Number of protein chains: 2
Amino acid sequence: MVRLPHRGWLLDLDGTIYVGEALVPGAVETIAALRGDGRRVVFLSNKPLQTRADYAAKLTRLGVPAAAEDVINSSLVLARHLATLDVGAPVFVIGEPPLVAELTAHGFEVRRDERVRWVVIAFDRTFDYAKLNTALQAVRRGARLIATNPDRTCPVEGGEIPDCAGMMAAVEAVTGETVSVIVGKPSPIILEVALARLGVDARDAVIVGDRIETDIVMGKRLGLATVLVLSGVTRADDPRVAEIAPDLVLPSIRDLIR
Amino acid sequence: MVRLPHRGWLLDLDGTIYVGEALVPGAVETIAALRGDGRRVVFLSNKPLQTRADYAAKLTRLGVPAAAEDVINSSLVLARHLATLDVGAPVFVIGEPPLVAELTAHGFEVRRDERVRWVVIAFDRTFDYAKLNTALQAVRRGARLIATNPDRTCPVEGGEIPDCAGMMAAVEAVTGETVSVIVGKPSPIILEVALARLGVDARDAVIVGDRIETDIVMGKRLGLATVLVLSGVTRADDPRVAEIAPDLVLPSIRDLIR
């Protein structure tokens, strides 16, 4: 029996459903039970490194059937949000090919020079001085800054690697400008896209995630029910857990079902 | 006749003696007059992109005879200062070959991996994600951060390019650590090295520079006489000029001689 009555379920991916390539035990059964009970499920990720189809394929391979439309990640949300601000604008991208593909698919003119209205900043393992310089020149010509996600580092097998915060900080430091919008968790922007996909109100939705400072903070702000799982980054004795007070704190996603 | 009586003269390079490849008119005659009058002259630069010998060769080529020992730049000062903190330490360098050469010459073990005690951060036109990641891994193993100079950008023909502040901000953002020492202007560290080279006290020294926020602020802090020249970055109507109040504000270095 599902512990909460809500119709809409937003499930974080890394640390909640899988850790790296390993499925969290019980995730397949829990998601099957939610769906079997008529609940709607969407998957949420701050990572702009793969396409939504890639994430869906990974979930399906691990035993959780998913379509690309069931996955909301920061690339998609950035492209959608920027389309509301400045449709079809020329953009320079500090990011990897899946993000570029998402922006192109949304009608943006992705350029390799500074003749742009926006500099899009993301987790980019190909970041270098030339990109930093192009961003500076673009801002000197009046371009604005928008970013996918605020994460300092990204957890990987045996440690962590630099995430989007590194690229943002470099651009902000040399331009003297601040990033005007960050669309990923804990921004309400990604949550609104996800709720629209679910077709439910915030009051009828639950967010399940392993990061107290993104998943749970964001859910609380918008009035969703919140479930912190301890299968990822946040530990039970983290002082923020008592302070932010998720509705449920569970060992893992398995425990959503009684 | 020299306008000020001090024996020691610290002259900034870019924006004060030359702008790019062009000598500031009157610089050759002014420096010759200072030397002819028995004043001691040292050249100061925050730039770690060339060796001291390179700067001396450029000055000599432009008509200002100079030896490598007359030039104090942030690479030299960093190597000397770090030698007082942790002589011979293994270091990872975000920087270009002249800085690496200076550190090697001072006995440091420059490594390309994270097995180091210090991450040295400088203006680096070859900065990339791999270096950022190595810096992160080094800090996770306990390495500390030290940097050459705090400049946001470096003026170039027709504009500016990202300087050391970009690399520092990226490393600080992903590691969550702050740079513990920045040796370049306006740090007293570079000024103390320059005064030692001149062999005079701060009270008997003048600093001449074009940047109110580095050259002049630093000089004021340590009690030197200060001369702002308007041949470089700072404009006469900059509100900081009235606030910080250099002893003299002159159109250019030429006007040091009456």
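Only a predicted model underlies this, so the values are computations on that prediction, with no experimental measurement involved. (Residues numbered from 1 in each chain as written. Chains lettered and ligands numbered in written order. Predicted model: local features only at pLDDT ≥ 70, side-chain atom pairs only at ≥ 80, totals over all residues. Heavy atoms only, no water.)

### A closer look at the overall build of chain A
Scanning chain A from terminus to terminus reveals nine helices and 15 strands. Along the first, second and third principal axes, the C-alpha atoms of chain A reach 60 × 35 × 30 Å. With 258 residues in all, chain A has 58% of them scored as buried. Pairs at least 24 apart in sequence give 68% of the contacts found in chain A among residues at least 6 apart. Surface exposure of chain A reaches about 10200 Å², of which carbon and sulfur atoms provide 51%. For chain A, the distance from the average site of its 30 positive side-chain charges to the average site of its 33 negative ones is 3 Å. (Helix = DSSP H or I, 4+ residues; strand = E, 2+ residues; numbered from the N terminus. Buried < 20%, exposed > 50% of the residue type's maximum accessible area, 1.4 Å probe, protein only. Contact = heavy atoms within 4.5 Å. Areas by Shrake-Rupley, 256 points an atom, 1.4 Å probe, with all protein chains shown as cover. Lys, Arg positive; Asp, Glu negative; His and termini not counted. Charge placed at Lys NZ, Arg CZ, Asp CG, Glu CD.)

### Focus on the pattern of salt bridges
A full pass over the atoms with the stated rule returns 38 salt bridges over all chains. Residues Asp124(A) and Lys131(A) are paired through a salt bridge, measuring 2.7 Å at the closest nitrogen-oxygen approach. Neither Asp124(A) nor Lys131(A) differs from the other in exposure class; each is buried. One salt bridge in this structure joins Asp12(B) and Lys185(B), with 2.7 Å as the shortest N-O distance. Taken together, the positions of Asp12(B) in strand 1 (residues 8–12) and Lys185(B) in the loop between strand 12 (181–182) and helix 7 (188–198) put the pair 173 residues apart, joining distant regions of the chain. (Salt bridge = Lys/Arg side-chain N within 4 Å of Asp/Glu carboxyl O.)

### Observations concerning helix 2 (residues 52–61) of chain A
One turn of the α-helix equals 3.6 residues, which is why residues spaced by three or four share an orientation. All names here are of chain A. Taken as a whole, helix 2 has its buried residues at Arg 52, Tyr 55, Ala 56, Lys 58 and Leu 59. Buried residues of helix 2, viewed axially, fall in a sector of 160 degrees; they line one side. Buried residues in helix 2 make contact with strand 2 (18–19), strand 4 (40–45), strand 5 (71–73), helix 3 (74–85) and helix 4 (97–105). Positioned one or two residues after helix 2, Gly 63 has a phi angle of 110 degrees, which is positive. (Arc of directions from axis to C-beta.)

### A word on the domain arrangement of chain A
All names here are of chain A. The domains assigned to chain A are domain 1 (8–46 + 185–256) and domain 2 (77–182). Look at where the C-alpha atoms of domain 1 and domain 2 centre, and you get two points 27 Å apart. Counting from both sides, the interface comprises nine residues of domain 1 and, opposite them, 10 residues of domain 2. It is Asn 46, Ile 189 and Val 193 in domain 1 that bury the most area against domain 2; as a group they hold 54% of the surface buried on that side. At the boundary of domain 1 with domain 2, the tally comes to zero salt bridges. Applying the counting rule to domain 1 against domain 2 returns two residue pairs in polar contact (both at pLDDT 80 or more). Looking at the side of domain 1 that touches domain 2 residue by residue, the class counts come to five nonpolar, two polar and two charged. (Domains from an automatic or database assignment. Buried area = accessible area lost by both parts, 1.4 Å probe. Polar contact = N/O pair within 3.5 Å; in protein donor to acceptor, adjacent residues only side chain to side chain. Nonpolar A, V, L, I, M, F, W, Y, C, P; charged D, E, K, R; others polar.)

### Concerning the pairing of strand 10 (residues 153–156) of chain A
Consecutive residues of a regular strand have side chains that alternate between opposite faces of the sheet. Two strands pair when backbone bridges link them, and strand 10 of chain A and strand 11 (residues 159–162) of chain A are joined in this way by four bridges, in the antiparallel orientation. Among the inter-strand pairings, Pro155(A) is bridged to a residue of strand 11 of chain A, identified as Glu160(A). (Pairing = 2+ DSSP bridges.)

### Comments concerning the interface of chain A and chain B
How big an interface is tends to be stated in terms of accessible area lost as the parts join. Taken together, the 28 residues of chain A in the interface contact 28 residues of chain B. Around 2000 Å² of area is buried between chain A and chain B when both sides are counted, 64% of it from carbon and sulfur atoms. Remark: the boundary between chain A and chain B carries two salt bridges. Linking Glu160(A) and Arg140(B) is a salt bridge whose minimum nitrogen-to-oxygen distance equals 2.7 Å. Linking chain A with chain B are 10 residue pairs in polar contact (both at pLDDT 80 or more). For the side of chain A that touches chain B, the elements supplying multiple residues, two or more each, are helix 5 (129–140), strand 11 and helix 6 (164–175) of chain A. Tallying contributions element by element places helix 6 of chain A first for the side of chain A that touches chain B, with eight residues. For the side of chain A that touches chain B, the per-class residue count stands at 13 nonpolar, eight polar and seven charged.

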